[in-house]
Amino acid sequence: MKKMQLLILMIISALFIFAQAYAQKPPGGYKPEEVVCKMEPGYNIDIINQTYGTIIKKYQAQLDCYLLATPPGHNADSLADVIDNRPDVQYCRANYILTAPEPFQRSQPFLDVECIGDFDLQSAAVTLDLAMAHSISTGSEVIIAVIDGGVNLTHPEFSDMQGNLVSRFDYIDNDSIANDEPGGSGSGHGTFVAGVIKLVAPASQLNVYRVLDTAGNGDGYNIASAVLQAVADSCKIINLSLGMIGVHDALDDALKIARNYDVKIIAAAGNDSTA
């Protein structure tokens, strides 16, 4: 247990020093044609669909909540407010977006352009005193979920992981190849985060779940699904280097379930001392 606690503290410290995403709500802030709705016990979602013209896109059984498509011409946030006020509805929210808009390292004490030489000799790594920490624990037999923008699965830094880098699911492309796709402002973020975790816990297994697109945006419903899948996949630590201004009830419920299974959640603190 002490080794697990040390590993968790190491990861928190590393991601705080290295690369936590700044929590920022992008323009729009939510999927324009989706709401997430949960009914009170004993009530059926059909009454919502019949009354407001919504259509079921997905159902999350563990959370007992629905991802609904809104009818054309309706503002998702406004419609969600109307539905949320019904006594037969536990909650209804727009499907808010979470972001990781800092794909590259911008934290002190070094910047990207200054990252020269071995990673473990850089100032932030030295501050963590990894050599001493690794003499106590390297993360062996610990499965860590990297819920992010995917990971570059062929990056040379992961070549020595010998099966400990596992692609689980891509919620953006709906396939099993959770690769960090190039070409966007959010590209590289998940790979960077995975690299930090590997530096801190080199013997751990990293399970990769891609929930952010190349712009660094992902919706709360998918992220909640990824959290639940990580719990089902026996992950004991879940890393969420992303943030959102606002509340996403489905994601909150998923995190509560994870905590009930004694899964530790590592969340973004922000690079700019604003979170």
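Residues numbered from 1 in each chain as written. Predicted model: local features only at pLDDT ≥ 70, side-chain atom pairs only at ≥ 80, totals over all residues. Heavy atoms only, no water.

### What about the packing of aromatic side chains?
- Summed over all chains, the structure comprises three aromatic pairs.
- Where Tyr59 meets Tyr66, the ring centres are 4.6 Å apart and the plane angle is 40 degrees; that geometry is what we call tilted.
- Seen in terms of ring centroids, Phe169 and Tyr171 are 4.8 Å apart; in terms of plane orientation they differ by 70 degrees. Their pairing is edge-to-face.
- Looking at Phe169, the relative accessible area reads 28%, which means it is partly exposed. (Phe/Tyr/Trp six-rings, centres within 6.5 Å; stacked < 30°, edge-to-face > 60°. Buried < 20%, exposed > 50% of the residue type's maximum accessible area, 1.4 Å probe, protein only.)

### Regarding the nonpolar core
- With 51 residues, the main nonpolar core has Ile147 and Ile238 as its most contacted residues.
- Broken down by element, this core gets its largest block of residues, eight residues, from helix 7 (residues 220–232).
- Those residues in contact with Ile147 that sit more than four places away from it in its chain are Tyr209, Val211, Ile223, Ala226, Val227, Ala230, Ile238, Asn239, Leu240 and Leu242.
- Ranked by size, the runner-up nonpolar core spans 16 residues in total, among them Met161, Val193, Ala194 and Ile197. (Core = buried A, V, L, I, M, F, W, Y, C linked by side-chain atoms within 4.5 Å. Helix = DSSP H or I, 4+ residues; strand = E, 2+ residues; numbered from the N terminus. Contact = heavy atoms within 4.5 Å.)

### Quick word on the sheet that holds strand 6 (residues 165–170)
- What the five strands build is an open sheet, ordered 6-7-5-9-10; its pairing is parallel. Every other strand in the sheet has two partners, leaving strand 6 and strand 10 (264–267) as the edge strands with one partner each. Put simply, the sheet's adjacent strands are angled 20 degrees from each other on average, direction ignored.
- Note: strand 6 against strand 7 (residues 205–210), five bridges, orientation parallel. By the bridge assignment, Leu165 is partnered in strand 7 with Leu206.
- Strands strand 5 (143–148), strand 7 and strand 9 (237–240) of the sheet are contacted by helix 7, whose axis makes an angle of about 170 degrees with strand 5. (Pairing = 2+ DSSP bridges. Axes fitted to C-alpha atoms, helices over the stretch in contact; angles between N-to-C directions.)

### Observations concerning the sheet that holds strand 1 (residues 30–39)
- Pairing in this open sheet of five strands is antiparallel, and the strands run 2-3-1-4-8 from one edge to the other. Two strands in the sheet have a free side with no partner beyond their single neighbour: strand 2 (55–60) and strand 8 (217–219). Sheet twist, expressed as the average angle between the axes of neighbouring strands with direction ignored, equals 30 degrees.
- Across six bridges, the pairing between strand 1 and strand 4 (residues 89–99) is antiparallel. Within strand 4, the position partnered with Met39 by the bridge is Val89.
- The strands that helix 3 (residues 76–84) touches are strand 1 and strand 4; relative to strand 4, the one it contacts most, it runs at about 155 degrees.

### Details of the pattern of salt bridges
- Per the stated rule, a full pass over the model turns up eleven salt bridges.
- Lys57 is the partner of Glu34 in a salt bridge, and the nearest nitrogen-oxygen pair spans 2.6 Å. Of the two residues, Glu34 sits in strand 1 while Lys57 sits in strand 2, which places them 23 residues apart along the sequence.
- Accessibility expressed as a relative area gives 7% for Glu34, which makes it buried.
- Looking at Lys57, the relative accessible area reads 46%, which means it is partly exposed.
- Across the pair Lys264 and Asp262 runs a salt bridge whose closest N-O atoms are separated by 3.0 Å. (Salt bridge = Lys/Arg side-chain N within 4 Å of Asp/Glu carboxyl O.)

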